[in-house]
Amino acid sequence: MEALEKSVFCVCMAALGLRLAEGILPIQRFAKQIRVLFTALLLICLLRPLLDMDFSAVGQGLPANEDYAEFAELGDAARCEAVAECVQNRLQSELDAHHVECEILSVNVHIQEDGGIEIDEVLIGGSTLMGTVYLREWLGNGVRITVGEEAVP
């Protein structure tokens, strides 16, 4: 960060010096030479702080490939949880809209390779008979609906 501050300060000073030199020297025939000189000075001012920086620690803080796999698994699990919560909230709101006294306790989903969402199981409580009827209508027969601990056929 200190190198960046030095670099910005040097650039500002070089630009100020260029502006002063152009104002002091009224002769237009030296304008190109002054610009070339100050452009070179400006480049030196920009690059000099970068030469002092230590780039040896740039690649040392990266985790190994095994850690990336672990992070990917954690990310997939978090995404599945978020999708399951959204599906659960949506199903619950639909049941509430139809005045069914059934509570969606949890939804088990997994995300397929192509990005599709597949609902594996829905755990319900309350008025399970009406809830099961609506859920079967909306989700189809392939989804396992569980009442508390027992599965509904």
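Presented here is an overview of the structure given in this document.

Conventions and cut-offs
Residues numbered from 1 in each chain as written. Predicted model: local features only at pLDDT ≥ 70, side-chain atom pairs only at ≥ 80, totals over all residues. Heavy atoms only, no water. Helix = DSSP H or I, 4+ residues; strand = E, 2+ residues; numbered from the N terminus. Buried < 20%, exposed > 50% of the residue type's maximum accessible area, 1.4 Å probe, protein only. Contact = heavy atoms within 4.5 Å. Polar contact = N/O pair within 3.5 Å; in protein donor to acceptor, adjacent residues only side chain to side chain. Pairing = 2+ DSSP bridges. Salt bridge = Lys/Arg side-chain N within 4 Å of Asp/Glu carboxyl O. Core = buried A, V, L, I, M, F, W, Y, C linked by side-chain atoms within 4.5 Å. Patch = residues over 30% accessible without salt bridge, like charges linked within 9 Å, V, L, I, M, F, W, Y side chains within 5 Å. Areas by Shrake-Rupley, 256 points an atom, 1.4 Å probe, with all protein chains shown as cover. Expected span 1.5 Å × (residues − 1).

1. Some remarks on the overall build of the protein chain
Reasoning step 1: The number of helices and strands found in the protein chain is 4 helices and 4 strands.
Reasoning step 2: Listing the helices and strands of the protein chain from first to last along the sequence gives α-α-α-β-β-α-β-β.
Reasoning step 3: Looking at the 153 residues of the protein chain, the share that counts as buried comes to 23%.
Reasoning step 4: Residue pairs in contact within the protein chain that sit at least 24 positions apart in sequence constitute 38% of those at least 6 positions apart.

2. Quick word on the side chain of Arg136
Reasoning step 1: Mapped onto the fold, Arg136 is located in helix α4 (residues 128-139).
Reasoning step 2: Within the local environment of Arg136, its side chain forms a polar contact with the backbone oxygen of Val143, the two atoms lying 2.7 Å apart.

3. Points about the pairing of strand β2 (residues 117-126)
Reasoning step 1: The sheet contact formed by strand β1 (residues 102-111) and β2 spans 9 bridges and is antiparallel. Pairing of Ile111 across the sheet is with Ile117, part of β2.
Reasoning step 2: In terms of strand pairing, β2 meets strand β3 (residues 144-147) through 4 bridges, oriented parallel. Considered in β3, the bridge of Val122 is made with Ile145.

4. With respect to the pattern of salt bridges
Reasoning step 1: Applying the stated criterion across every chain, the model contains 2 salt bridges.
Reasoning step 2: In this structure, the salt-bridge partner of Asp76 is Arg79, at a minimum N-O distance of 2.7 Å. Taken together, the positions of Asp76 and Arg79, both in helix α3 (residues 65-97) and 3 residues apart, correspond to about one turn of that helix.
Reasoning step 3: Judged by relative accessible area, which is 38%, Asp76 ranks as partly exposed.

5. Let's talk about the nonpolar core
In globular proteins that are soluble, nonpolar side chains generally tend to be buried together.
Reasoning step 1: Counting residues in hydrophobic clusters, the biggest one holds 18 residues, and the most contacted among them are Ile104, Val107, Ile119, Val122, Ile124 and Leu135.
Reasoning step 2: Listing elements by their share of this core, those giving two or more residues are α3, β1, β2, α4 and β3.
Reasoning step 3: The greatest single-element share of this core, amounting to 5 residues, is contributed by α3.
Reasoning step 4: Here Val107 is in contact with Ala84, Val87, Gln88, Leu91, Ile119, Glu121 and Val122, once residues within four sequence places are set aside.

6. Thoughts on the environment of His99
Reasoning step 1: For His99, the position within the fold is in the loop between α3 and β1.
Reasoning step 2: Taking the relative accessible area as the measure of exposure, His99 reaches 69% and is therefore exposed.
Reasoning step 3: Taking the C-alpha atoms as reference points, His99 and Met130, separated by 31 residues in sequence, lie 9.9 Å from one another.

7. Section: a nonpolar patch on the surface
Reasoning step 1: Nonpolar side chains collect at one region of the surface, where Phe9, Met13, Leu16, Leu20 and Ile24 lie side by side and expose about 540 Å² of accessible area between them.
Reasoning step 2: Following the sequence through the fold, Leu20 ends up in helix α1 (residues 2-24).

8. Looking at α4
Within an α-helix, residues lying three or four positions from one another point in the same direction, as the helix has 3.6 residues per turn.
Reasoning step 1: Relative to the 16 Å expected for 12 residues at 1.5 Å per residue, α4 spans 15 Å between its end C-alpha atoms, a close match to the ideal helical length.
Reasoning step 2: In the segment just after α4, Gly140 is the residue with positive phi, at about 90 degrees.

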